[in-house]
Amino acid sequence: MNYHRAPAEWTSSAPNPFSKDGRYGPEWTCFCIDGVNRTNSCSGGGKKGLFTFILGADTPELKCQLADFLRYERRLKRNVIISCPETINLEALVEAALAETPEEHYVRTTDPRWGVHSSTLTAWHSICQDGRVKSLALLHADGKPTIGLGNEELGDPPEYAEYVVLGSTEGFAAEIVVASRERGRISTDPDQSYAPGVRIYFDNHLIIRNGLVVRDGLHLAKVLSSLPLVPYMAAAITARDFPPRTWSPRTFSEAANTLFSRRTHVEKDETERQSARRD
């Protein structure tokens, strides 16, 4: 596994200690284990900086995410700098992470059943016409000038634009994306007011079992190029499903999740009743 342990006191703004000219370039990324803010989770680096993924040392799935990150970066032949507290036995940690983490197309006990992808109502109209959610790169190839804020402001690796990303139903990240597009810049406040678009729920387990998932350590899951609505979409919820009100990423996520859970249980109960009648 091609990784380098960062020297003590090193930061990503310092010259590259592993290259002759001190530069990083697109062939370098960084995985940082934060021993101070131990629940941290963020990524970025700017268009000219070193792309860095930071996870707190107390992150429950730290080893799993580290393994996925290293495997993904290895496939792309990128060099990974790992920054971590001096007290961590990094070689042992990496060895255990790779040994204990199943390959990406295996449904893990920690994999949630559902993942979400949110978009604008205008985009939802196109998604319904196409029968699939398309990646940013594919939208650009279709002549649709959609701005990728992750690449523009966070300095995401360029191939990230080739994927459809799914987020956790428990967080607000998917709605933060919609709110940021509304403002034309990254805005991470989950309590800001915004106009919700569509919150699409996908069967994450089915996506994994069918071999579509790509795990990069950062995202819940992502799919190359496009993700068909059939058979993977379970529901699509918009603000029209609720009485009029002012929304924030937090309140819309919570309300949509509650409605989705209610619908899912109703469908499950109906399926069980029909099965009982046949028996």
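For the structure itself, consult the block above.
Residues numbered from 1 in each chain as written. Predicted model: local features only at pLDDT ≥ 70, side-chain atom pairs only at ≥ 80, totals over all residues. Heavy atoms only, no water.

The antiparallel open sheet is built from six strands, whose spatial order is S10-S11-S8-S6-S9-S13. Strand pairing shows two members of the sheet lacking a second neighbour, strand S10 (213-214) and strand S13 (233-238), which therefore form its edges. Pairing of strand S6 (residues 114-119) with strand S9 (residues 198-203) involves six bridges; the strand directions are antiparallel. Its bridge partner lying in S9, Ser 119 is registered against Val 198. Running over the sheet, helix H3 (residues 121-130) touches S6, S9 and S13 and is turned about 45° from S9. Running at roughly 5° to S6, helix H6 (residues 173-183) makes contact with S6 and S9 of the sheet. (Pairing = 2+ DSSP bridges. Helix = DSSP H or I, 4+ residues; strand = E, 2+ residues; numbered from the N terminus. Contact = heavy atoms within 4.5 Å. Axes fitted to C-alpha atoms, helices over the stretch in contact; angles between N-to-C directions.)

Our focus in this paragraph is the nonpolar core. Ranked by internal contacts, the top residues of the largest apolar core, which has 22 residues, are Phe 31, Leu 66 and Ile 82. Taken together, the elements giving at least two residues each to this core come down to strand S2 (28-34), strand S4 (51-56), helix H1 (62-75), strand S5 (79-83) and helix H2 (90-100). Take this core: its biggest share by element is six residues, from H1. Dropping the residues within four chain positions of it, Leu 66 is found in contact with Phe 31, Ile 82, Leu 93, Val 94 and Ala 97. Val 133, Val 213, Ala 221 and Leu 227 belong to the second largest nonpolar core, which has 17 residues in total. (Core = buried A, V, L, I, M, F, W, Y, C linked by side-chain atoms within 4.5 Å. Buried < 20%, exposed > 50% of the residue type's maximum accessible area, 1.4 Å probe, protein only.)

This part covers the environment of Asp 68. With respect to the secondary-structure elements, Asp 68 resides in helix H1. Note: C-alpha distance between Asp 68 and Val 223 (155 residues apart in sequence) is 15 Å. Ignoring anything within four residues of it in the chain, the contact list for Asp 68 reads Thr 101, Arg 108, Arg 215, Asp 216 and Gly 217.

Below, the discussion takes up the side chain of His 205. Along the chain, His 205 turns up in helix H7 (residues 204-209). At 2.8 Å, the side chain of His 205 forms a polar contact with the backbone oxygen of Asp 111. Once you skip the residues sitting within four places of it in the chain, His 205 turns out to touch Val 107, Asp 111, Pro 112 and Arg 113. (Polar contact = N/O pair within 3.5 Å; in protein donor to acceptor, adjacent residues only side chain to side chain.)

Here the focus is H2. Listing the buried residues of H2 in full gives Leu 90, Leu 93, Val 94 and Ala 97. One face of H2 carries all of its buried residues, which in axial projection span an arc of 95°. Counted as exposed and oriented over 90 degrees from the buried face of H2: Glu 91, Glu 95, Ala 99 and Glu 100. (Arc of directions from axis to C-beta.)

Glancing now at the sheet that holds S2. Taken in spatial order, the five strands line up as S1-S5-S2-S4-S3 in an open sheet, and their pairing is mixed. The open sheet has two edge strands, strand S1 (3-5) and strand S3 (41-44), and neither has a second partner. For this sheet the average axis-to-axis angle between neighbouring strands, irrespective of direction, equals 20°. The strands touched by H1 within the sheet are S1, S2, S4 and S5, with S2 carrying the most contacts at an inclination of about 175°. Sitting on the sheet, H2 is in contact with S1, S2 and S5, with an inclination near 145° to S1.

Any functional reading would require information that these geometric values do not contain.
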